[in-house]
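These are the residues of each chain, in order.
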2 protein chains.
Amino acid sequence: MTSSPRVLALSGGVGGARLAAGLARVLAPEALTIAVNVGDDFEHLGLTICPDLDTVLYTLGGVVHRGQGWGRDQETWHTLDAMRSLGGEDWFLLGDRDLALHLVRRQLLAQGRSLSEVTQDLSRRLDVSHRIVPVTDARLRTRVHTVADGELGFQDYFVRRRCQPAVRALTFEGAEEATLSPGLAEVLADPALSAIIVCPSNPYLSVAPMLAIPALRTALRVTHAPVIAVSPIIGGEAVKGPTAKIMRELGVEPTATVIAELYADFVDCVVVDTCDASRVAGDPRFAVAPTWMRNDDDRFALAQACLDLARQRKG
Amino acid sequence: MTSSPRVLALSGGVGGARLAAGLARVLAPEALTIAVNVGDDFEHLGLTICPDLDTVLYTLGGVVHRGQGWGRDQETWHTLDAMRSLGGEDWFLLGDRDLALHLVRRQLLAQGRSLSEVTQDLSRRLDVSHRIVPVTDARLRTRVHTVADGELGFQDYFVRRRCQPAVRALTFEGAEEATLSPGLAEVLADPALSAIIVCPSNPYLSVAPMLAIPALRTALRVTHAPVIAVSPIIGGEAVKGPTAKIMRELGVEPTATVIAELYADFVDCVVVDTCDASRVAGDPRFAVAPTWMRNDDDRFALAQACLDLARQRKG
């Protein structure tokens, strides 16, 4: 008996979730595991908020706000408005429907269940059939070291200060001691694993926290499965978010070459957008495909392209 | 220097809040303290919900839903709807705007502040200038002993089971050990205290938990200030809620006479509605006034009548 091929996707928030949704359209539920960054997670108003997990859950559950790529569709903001008028904290945008997920998650976590178990439960409640797992059940928190404002929690930097402070360095609290979530460890150990896709998420804010877990980086280095990374940089800019800004602050050019270097110890191929084809021509580390996902067809095509590349690299 | 006369109102939820609002229209902020039942309080979804305090806060803050008498005006239910569709707990009606108050309260309590301090803060945020205090800062929880369903938490009985189980007895967890909140103790000790009004709240579910605190019952017995209680029973029925049903289950006739007996050790006068005048004619324990508060003028008139009665009983 041979088991069916399986694919692992590593995802951050919006960009990652969009490719994960494309992969979910190509692959059967049992053939895809999506491991999601938890470095952005934080405690707020007594709730544990997991922005990247939520974005992936909402995207695969078909309830995401399509335009912004995060949060829920047809969202309203009555609780947040009332919080504001009561002088409460309103800097983190919590929609009324989104809040329901956080309240349910809080209750499940309070029952002593792991984040993996809670995520599986929430997936079921959102009718998501593909497997979404946190990269770890341990507490892992991205810390942003800024040039002028000292060390900030991730959401303090990302939402409250809108990524304005210049970044000097990033550290990942808890990563050294973190073990992989059972679902991620299981798929990495599966001989049937046929491809690992690093989704086009911010390499510093979304992928680096995951790679900071020693067991993951080691597994990516030694795996027999081809590792395909999609660059989130298109024409020197990020489609969304502060990737390019942070790269410049850290003194690196925002190009796919830097992505290839960041992932050099484990990546088999970095996919760059067709508009950047000339920049990587002749370099065997790269492949070219349309990476800008504006609609479901774009996601599906990019997912297919990644899986095709994995088959070629393996074969 | 003589201090100005001061009035203490003891209030449960809807009926109590309406008379408290009437008193607040008659009396200056420094002349009125409203002490509120906390026996209904409970922990739900990680939040501490204080239904009676909330009802008094919303009523005096002018944001209450006027028709139902509790919850917020112009309320929406998107979070609760989303909770329901996620299979979460939806039996306790939490509106989107109401939820904001609970989230702010949770945060203030998590800072280690007492319920009195938090209530004072929330009053300020809701532009309430009269003083609202919990009857105690200690944990006090009404337990409902039913004939067929055993012992239930108050909200489990009141909301989840809609007061359907027949009541055998009520107990008040924590009452024996509870001390009065600083604001309530202060007004009870003030020589300028000129009247104590027991608002028309359910004597078993709303007033009894307060009276179960030994320090309060003793203070009511020994105070020099007249104690005026407004009966919540009109024509053998309660204006709102299960008062009459519970009285029948406990084997007592739902009449103002029972109210006078329940409060016999401390009450100076029980106010009954004009429609019940013939039932209490000639009995010096009673006074008659219109007690059904359908609008602001009714509240104002009943508040005036209570204060007039207190002056007469004192003089």
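Note that this is a predicted model, so its numbers are computed, not measured.

J.: What am I meant to see in the packing of helix 4 (residues 96–110) of chain A against helix 3 (residues 78–85) of chain B here?
T.: When two helices pack together, their arrangement is given by the angle between the helix axes and the distance between those axes. Running from N to C, helix 4 of chain A and helix 3 of chain B cross one another at 50°; their axes reach a closest spacing of 7 Å. By the criterion of interaxial angle, the relationship of helix 4 of chain A to helix 3 of chain B is oblique. In the crossing of helix 4 of chain A with helix 3 of chain B, the sense of the turn from one axis to the other is right-handed. Two secondary-structure elements touch here, helix 4 of chain A through Asp96(A), Arg97(A), Leu99(A), Ala100(A), Leu103(A) and Val104(A) and helix 3 of chain B through His78(B), Thr79(B), Ala82(B) and Met83(B).

J.: Just to check I follow, could you spell out the sheet that holds strand 10 (residues 227–230) of chain A for this structure?
T.: Within a sheet, neighbouring strands are paired by backbone hydrogen bonds and run either parallel or antiparallel to one another. Residue and element names in this part refer to chain A. Reading across the sheet, the seven strands line up as 5-2-1-9-10-13-14 and stay open at both edges, with parallel pairing between neighbours. One side of each edge strand has no neighbouring strand; the edge strands of this open sheet are strand 5 (131–134) and strand 14 (286–288). The sheet shows a mean angle of 25° between the axes of neighbouring strands, taken without regard to direction. In this structure, strand 9 (residues 193–198) lies alongside strand 10, joined through three bridges in parallel fashion. Across the sheet, Ile196 pairs through a bridge with Val227, a residue of strand 10.

J.: Any chance you could explain the pairing of strand 13 (residues 269–272) of chain A here in plain terms?
T.: A regular strand carries its side chains on alternate faces of the sheet. All names here are of chain A. Of the two faces of strand 13, the one holding Cys269 and Val271 and the one holding Val270 and Val272 are both buried throughout. With three bridges joining them, strand 10 and strand 13 adopt parallel strand pairing. Looking at the pairing, Ile228 lines up with Cys269 of strand 13. Pairing of strand 13 with strand 14, which is carried by three bridges, proceeds in the parallel orientation.

J.: What am I meant to see in the relation of the copies chain B and chain A here?
T.: The operation relating the two chain copies consists of a rotation about an axis and a shift along that axis. Rotating chain B by 180° and moving it 0.0 Å along the rotation axis overlays it on chain A with an RMSD of 0.0 Å. The superposition of one copy onto the other is thereby described by a two-fold rotation axis. Scanning chain B for the C-alpha nearest the rotation axis identifies Asp96(B), at a separation of 3.3 Å. Looking at chain B, 100% of its interface residues are interface residues in chain A too, so the copies touch through the same face.

J.: In this structure, what is going on with the packing of aromatic side chains? I would like to understand it.
T.: What characterises a pair of aromatic rings is the spacing of the ring centres plus the angle enclosed by the ring planes. This model, assessed by the stated rule, comprises ten aromatic pairs over all chains. On the basis of an interplanar angle of 20° and a centroid distance of 5.0 Å, the ring pair of Phe154(B) and Phe158(B) is categorised as stacked. Taken as a pair, Phe154(B) and Phe158(B) lie in helix 6 (residues 154–160) at a separation of four residues, close to a single helical turn. Among the aromatic residues, those joined into a cluster by ring pairs are Phe42(A), Trp91(A) and Phe92(A). Directly above the ring of Phe300(A) sits Arg25(A), whose terminal nitrogen or CZ lies 4.5 Å from the centroid.

J.: What exactly am I supposed to notice about the sheet that holds strand 13 (residues 269–272) of chain B here?
T.: All names here are of chain B. Taken in spatial order, the seven strands line up as 5-2-1-9-10-13-14 in an open sheet, and their pairing is parallel. This sheet does not close on itself; its edge strands, each paired only once, are strand 5 (131–134) and strand 14 (286–288). Direction aside, neighbouring strands of the sheet carry axes that sit 25° apart on average. Against the sheet, helix 1 (residues 14–26) makes contact with strand 1 (6–11), strand 2 (32–36), strand 9 (193–198) and strand 10 (227–230), and its axis sits at roughly 170° relative to strand 2, the strand it touches most.

J.: Explain helix 8 (residues 203–211) of chain A to me, please; I cannot follow it from the model alone.
T.: Note that an α-helix has 3.6 residues per turn; residues three or four places apart therefore point the same way. Residues and elements named next belong to chain A. Counting buried positions along helix 8 yields nine of nine residues, so the element is predominantly enclosed. Among the residues of helix 8, those classed as buried are Pro203, Tyr204, Leu205, Ser206, Val207, Ala208, Pro209, Met210 and Leu211. Its side-chain oxygen 2.8 Å from the backbone nitrogen of Tyr204, Asn202 forms the N-cap of helix 8.

J.: Any chance you could explain the environment of Glu249(A) here in plain terms?
T.: All names here are of chain A. Of note, Glu249 is situated in helix 10 (residues 243–249). Once the C-alpha coordinates of Glu249 and Ala166 are considered, the two residues, 83 residues apart in sequence, prove to be 6.2 Å apart. If we skip the residues at most four places from it in the chain, Glu249 touches Pro165, Ala166 and Val167. Only 2.8 Å separates the side chain of Glu249 from the backbone nitrogen of Val167, close enough to count as a polar contact.

J.: It is not clear to me how the interface of chain B and chain A should be interpreted in this structure. Could you clarify?
T.: Accessible area lost upon the coming together of the parts is a frequently used measure of interface size. Taken together, the contact pairs 24 residues of chain B with 24 residues of chain A. Buried area between chain B and chain A, both sides added, is near 2300 Å², and the carbon and sulfur share of it is 63%. Joining chain B to chain A, the criterion identifies twelve residue pairs in polar contact (both at pLDDT 80 or more). Broken down by secondary-structure element, the contributors of at least two residues to the side of chain B that touches chain A are helix 3 and helix 4 (96–110) of chain B. When residues of the side of chain B that touches chain A are assigned to their parent elements, the largest contribution, nine residues, is made by helix 4 of chain B. Residues belonging to the side of chain B that touches chain A are distributed by class as follows: ten nonpolar, eight polar and six charged.

Scoring rules and cut-offs
- Position numbers for residues count from 1 along each chain, tracking the sequence in the order it is written.
- Each chain is given a letter, starting from A, and each ligand a number, starting from 1, according to the order in which they appear as written.
- Local features are withheld for residues below a pLDDT of 70 in this predicted model, meaning they are given only at 70 or higher, and side-chain atom pairs are given and counted only at 80 or more; totals for whole chains, interfaces and linings count all residues.
- The side-chain figures draw on all heavy atoms in the structure; neither hydrogens nor water molecules are used.
- Only the stretch in contact is used when a helix axis is fitted, and all axes are lines through C-alpha atoms; the angle between N-to-C directions ranges over 0 to 180 degrees.
- Under the scheme used here, helices are H or I runs from DSSP no shorter than 4 residues and strands are E runs no shorter than 2 residues, and both carry numbers assigned from the N terminus.
- Every angle not falling under 35 degrees, over 145, or within 65 to 115 is termed oblique; those three ranges are roughly parallel, roughly antiparallel and roughly perpendicular.
- By convention the crossing between two helices is left-handed if the near helix lies anticlockwise of the far one by an angle smaller than a right angle, and right-handed if it lies clockwise.
- Contact between two residues is taken to exist if any of their heavy atoms lie within 4.5 Å; hydrogens are not considered.
- Here, a strand pair is defined by DSSP locating no fewer than two bridges between the strands.
- Buried, partly exposed and exposed residues are distinguished by accessible area as a fraction of the type maximum, computed with a 1.4 Å probe on protein chains only: under 20%, between the cut-offs, and over 50%, respectively.
- The fit set for superposing copies consists of C-alpha atoms from residues with pLDDT of at least 70 in both; the fit itself is least squares.
- The aromatic pairing rule takes the rings of Phe, Tyr and Trp, using the six-membered ring of Trp, and pairs them if the centres are within 6.5 Å, calling planes under 30 degrees apart stacked, those over 60 edge-to-face and the rest tilted.
- By definition, being over a ring means that NZ of Lys or CZ of Arg is both within 6 Å of the ring centre and within 35 degrees of the ring normal.
- Pairing of N or O atoms within 3.5 Å defines a polar contact, subject to two protein rules: one partner must be a possible hydrogen donor and the other a possible acceptor, and residues neighboring in sequence count only if both atoms are side-chain atoms.
- By convention, the term buried area covers the 1.4 Å-probe accessible surface removed from two parts as they join, with the contributions of both added.
- Any residue outside Ala, Val, Leu, Ile, Met, Phe, Trp, Tyr, Cys, Pro, Asp, Glu, Lys and Arg is labelled polar, Gly included; the first ten of those are nonpolar and the last four are charged.

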